[in-house]
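Structural features, examined
Next come the chains, spelled out residue by residue.
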Amino acid sequence: MADLSTLGAELFAALRGRNTVAPLTARYPELTIDDAYQISLDFLARRRAEGERVVGKKIGVTSKAVQDMLGVHQPDFGFLTDRMDVPGGVIDVNAHGLIQPRAEAEIAFILNRPLTGPGVTDADVLAATAAIAPCFEIVDSRIHDWKIGIVDTVADNASCGVYVVGEARVDPRSVDLPGLKVTVTKNGAPLSEGYGSAVQGSPLTAVAWLANTLGRHGVTLDAGDVILSGSLVPLEPARIGDVFVMELEGVGSCTARFV
């Protein structure tokens, strides 16, 4: 039987050592999603013990494109800490401890009041949001070769690496969130495009799902939190020298440079 704290320590050591571990589900097929969230919380506690502060949350595996790519067919969540925030969008792969990063374009929600599930609705999310912003989440897996199931990615903080939030801030009530279009380029060439509707039909629905799911685990979305609502496009591997630019139509742009 797996010791959940031992697995949390293993993932934390992989993060700090920039190495991968064998898939948890291959070694411990009896692990449940609830077990995975306990591993994730243990992983987070070790980061907080080293001084990291939680500054937000993220939703993962929300769009069909990402679900099909990873073979994971339900959303998950993870925590954002202050050390995961990359101001200016210049990502030092080594300094940030990235192992096998992939870039995904998202809509970030910046909250000005808390949300506590269960029972949170799309309207509640809209009322609690001060602004939205264009964002790149740089996902990264401590699981070898991205061989993940839902339990693996949940345990591994929803495969989160770092994130970059663009400078633009827009009132979400002024735009059609499901209809927001994003276009992404990589090294100057067109890469992908998508719409806000890619994440559970609306980013508001995705954030409501997050608030309600977290509520079952005794965790809230807090005023001031940055909430990453899920990728609008397929994940794209990133290497040193790559430059990604996303344009969120009617909102603004965000750039992620890998050095």
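Whatever comes next refers back to the structure up there.
Residues numbered from 1 in each chain as written. Predicted model: local features only at pLDDT ≥ 70, side-chain atom pairs only at ≥ 80, totals over all residues. Heavy atoms only, no water.

Here we come to the layout of surface pockets. Within this model, the largest pocket holds a volume of roughly 190 Å³. Looking at the largest pocket, it is lined by 14 residues, and the ones nearest its centre are Leu15, Arg16, Arg47, His96 and Gly97. Looking at the lining of the largest pocket, the elements with two or more residues in it are helix 1 (4-17) and strand 6 (160-165). For the lining of the largest pocket, the class distribution of residues is five nonpolar, three polar and six charged. (1 Å grid on protein atoms, 1.4 Å probe; cavity = no way out; pocket = protein on both sides within 12 Å on 5 of 7 lines; lining within 4 Å. Points joined across faces, edges and corners; volume = space filled by probe spheres on them. Helix = DSSP H or I, 4+ residues; strand = E, 2+ residues; numbered from the N terminus. Nonpolar A, V, L, I, M, F, W, Y, C, P; charged D, E, K, R; others polar.)

We now examine the pattern of salt bridges. Summed over all chains, the structure comprises 15 salt bridges. Aspartate 171 serves as the salt-bridge partner of arginine 173, at 3.0 Å between the closest nitrogen and oxygen. Arginine 173 sits in the partly exposed class, given a relative accessible area of 43%. Connected via shared salt-bridge partners are Arg16, Arg47, Glu50 and Glu52. (Salt bridge = Lys/Arg side-chain N within 4 Å of Asp/Glu carboxyl O. Buried < 20%, exposed > 50% of the residue type's maximum accessible area, 1.4 Å probe, protein only.)

Summed over the entire model, instances satisfying the criterion amount to four aromatic pairs. On the basis of an interplanar angle of 10° and a centroid distance of 4.4 Å, the ring pair of tyrosine 37 and phenylalanine 77 is categorised as stacked. On the criterion of sequence distance, the pair formed by tyrosine 37 in helix 3 (residues 33-49) and phenylalanine 77 in strand 2 (residues 76-81) is long-range, its members being 40 residues apart. Neither tyrosine 37 nor phenylalanine 77 differs from the other in exposure class; each is buried. Ring centres 6.2 Å apart and planes at 65° place the aromatic pair phenylalanine 136 and phenylalanine 244 in the edge-to-face group. (Phe/Tyr/Trp six-rings, centres within 6.5 Å; stacked < 30°, edge-to-face > 60°.)

Pairing is mixed across the open sheet formed by five strands, whose spatial order is 3-12-11-7-8. Edge positions in the open sheet fall to strand 3 (90-91) and strand 8 (189-195), since each of these has one partner strand only. In terms of strand pairing, strand 7 (residues 181-186) meets strand 8 through six bridges, oriented antiparallel. Directly across from threonine 183, in strand 8, lies its bridge partner glutamate 193. (Pairing = 2+ DSSP bridges.)

In this model, helix 3 (17 residues) spans 24 Å end to end at C-alpha, consistent with the 24 Å of a helix rising 1.5 Å per residue. Taken residue by residue, helix 3 has Asp35, Ala36, Tyr37, Ile39, Ser40, Asp42, Phe43, Leu44 and Arg47 as its buried positions. Along its buried surface, helix 3 packs onto helix 1, helix 2 (24-27), strand 1 (54-60), strand 2 and helix 6 (150-155). Immediately downstream of helix 3, the backbone of glycine 51 shows phi near 105°, a positive value. (Expected span 1.5 Å × (residues − 1). Contact = heavy atoms within 4.5 Å.)

Attention now goes to the side chain of aspartate 225. For aspartate 225, the position within the fold is in the loop between helix 7 (203-216) and strand 9 (226-231). Within the structure, aspartate 225 has its side chain in polar contact with the side chain of lysine 57 (distance 2.7 Å). Apart from the residues within four sequence positions on either side, aspartate 225 is in contact with Val55, Gly56, Lys57, Phe109, Ile110, Leu111 and Thr220. (Polar contact = N/O pair within 3.5 Å; in protein donor to acceptor, adjacent residues only side chain to side chain.)

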